[in-house]
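Fold and geometry: a report
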Amino acid sequence: MKKWKDFSVFRSVPNTFPETFGRMIYYLRRSRKAYATHSLYFEKKVRQLLYTSLTTEVHLLQGACFRRKNASYLSVEYIREGALFVRQRDEAFRLDPGDLFLMQPDLEGEFVVPEPGYCKKESFSIFGTLLPALLEQSGLGKINVISGINPAPIHRIFQHLGTLEGMQTPAALQENSQLTFELLYYLSSPVYLTFTPKKLLDLRAYMENTLEKEHSVQDLARRYGCTPYHLTRLFRHYFHQTPYRMLIEFRMKAAAEILRREQELSIKEMSERVGYRNALNFSTEFKKYFGMSPREYQKYLDPI
């Protein structure tokens, strides 16, 4: 992240022919290579306390730009690759991979992809009656950009929210709210990035790519070349969870994706694919993680 004094980069953002969304007014130039929106929750009659309505993955191309005002929600824009110029409160910044832009409710904010350039980013659109108080009490409401923090919790929450797409149940909304609060809490007191040993990253990738194996902590520690106690300490330090919890998370996310894409599979076949020899144990763990059984979860998903 670098503070930017030359505001001329934002002159390409149009001011004519605005579009509207509720009371929000925005100006947009679409220039993108890929785009995926995950619809999580939309209010109907009862206003909810806190929730993420949309998560978005987008690959923007040079010249893409967006300006908004009078928005009622918070946008968290996490930069994965490339660069993005952002402006808010008469301050401008060039953001690089790992940086975040907090587009605050009720403020005018904008971003533009430089020429030449591109930007891959993940976005959270956060609503709720508690949002103004949370932003004020946490101090996040005064922040334009965040830089240098460990992105693993942000990416984990983004991926977890994606598994709730299309589900409008009370359990799904509760989980959505908990994850949204976790995100805001983390951003208010982030863990700053430290160098993660490549060997540890390789071990994590090995776990994720071989879910059909049992992966005891003892076996993982032997593979890494340390004691189980030391491996657990390393995981807590760098990934903020134990090897066991990370493995559960990998398996549950993989199972949710299988339920979405291969609905003809039996629970037994699916459980074996993600490393469970006992389908009952799998179903129990799935319900603990998502708040409903695999079949209940599947009922709220539209076939792809």
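All residue numbers refer to positions counted from 1 along the written sequence of the respective chain. In view of the model being predicted, local features appear only for residues whose pLDDT reaches at least 70, and side-chain atom pairs are presented and counted only at 80 or more, with totals across whole chains, interfaces and linings using the full set of residues. Hydrogens and water are ignored here; the side-chain numbers use all heavy atoms of the structure.

Quick notes on the overall build of the protein chain
What counts as a helix is a DSSP run of H or I of at least four residues, what counts as a strand is a run of E of at least two, and both are numbered from the N terminus. For the protein chain, the helix and strand inventory stands at ten helices and 13 strands. When we talk radius of gyration, it's over C-alpha atoms, and the globule rule is simply 2.2 Å times the number of residues to the 0.38. For the protein chain, whose C-alpha radius of gyration is 21 Å, the value lies close to the compact-globule estimate of 19 Å for 304 residues. Reported as C-alpha extents along the three principal axes, the dimensions of the protein chain are approximately 60 × 45 × 40 Å. With 304 residues in all, the protein chain has 47% of them scored as buried. In the protein chain, the proportion of contacts linking residues at least 24 apart, taken out of those at least 6 apart, comes to 73%. Only carbon and sulfur atoms are counted for the fraction: they give 53% of the accessible area of the protein chain, which is about 15,700 Å². Accessible area is worked out with a 1.4 Å probe on protein chains only. A residue is then buried under 20% of its type maximum, exposed over 50%, and partly exposed in between. Contacts between residues were defined by any pair of non-hydrogen atoms, one from each residue, lying within 4.5 Å. For accessible areas, the Shrake-Rupley method is used with a probe of radius 1.4 Å. Any residue's cover is judged against the shown protein chains and nothing else.

Section: unusual backbone geometry
Unlike most non-glycine residues, Arg89 shows phi in positive territory, near 55°. Locating Arg89 in the fold gives a position in the loop between strand S8 (84-88) and strand S9 (91-95). Its identity as a non-glycine residue notwithstanding, Asp90 has a phi of 60°, on the positive side. Structurally, Asp90 can be placed in the loop between S8 and S9. What makes Asp90 exposed here is its relative accessible area of 71%.

Here we look at the environment of Tyr73
Relative to the helices and strands, Tyr73 resides in the loop between strand S6 (65-69) and strand S7 (74-82). Remark: the alpha-carbon pair of Tyr73 and Gln298, spanning 225 residues in sequence, is separated by 30 Å.

Looking at the pairing of S9
Only strands joined by at least two bridges in the DSSP assignment are considered to pair. Taken together, the three bridges between strand S1 (residues 2-4) and S9 define a ladder with antiparallel strand orientation. Considered in S9, the bridge of Lys2 is made with Arg94. In the sheet, S8 pairs with S9 via five bridges, with the strands oriented antiparallel. In the sheet register, Leu84 faces S9, and the bridge partner there is Leu95. Taking the residues that link successive antiparallel strands as the turn, the S8-S9 hairpin has two residues, and the phi of Arg89 there is positive, at about 55°.

Focus: helix H9 (residues 279-290)
Residues separated by three or four positions in an α-helix point in the same direction, a consequence of the helix having 3.6 residues per turn. How far a helix is expected to stretch is found by multiplying one less than its residue total by 1.5 Å. Taking 1.5 Å per residue, twelve residues should reach 16 Å; H9 reaches 16 Å between its end C-alpha atoms and fits that length. Listing the buried residues of H9 in full gives Phe282, Glu285, Phe286, Tyr289 and Phe290. Along the axis of H9, the buried residues cluster in a sector spanning 115°; they form a single face. Among the exposed residues of H9, those oriented more than 90 degrees off its buried face are Leu280 and Lys288. Lining the buried residues of H9 we find helix H2 (152-162), helix H3 (170-188), helix H7 (243-261), helix H8 (267-273) and helix H10 (294-299). The term polar contact refers here to a pair of N or O atoms within 3.5 Å; inside protein, the definition further demands a hydrogen-donor-capable atom paired with an acceptor-capable atom, and it admits residues adjacent in sequence only when both atoms are side-chain atoms. By the N-cap criterion, in which a side-chain oxygen at the helix start approaches the backbone nitrogen of a residue two or three places on, H9 is capped by Asn278, the distance to Leu280 being 2.8 Å. Once H9 ends, the next one or two residues include Gly291, with phi positive near 85°. Summarising the geometry, the arc corresponds to the directions from the helix axis toward the C-beta atoms.

Quick notes on the sheet that holds strand S13 (residues 145-146)
Judged by pairing direction, the sheet is antiparallel, and its six strands sit side by side in the order S4-S5-S12-S7-S10-S13 without closing on themselves. Taken across any chain shown, the strands that pair with only one partner, and hence form the sheet edges, are strand S4 (32-39) and S13. Sheet topology note: the S7/strand S12 (residues 118-127) ladder contains eight bridges and is antiparallel. By the bridge assignment for S12, Tyr78 is matched with Glu122.

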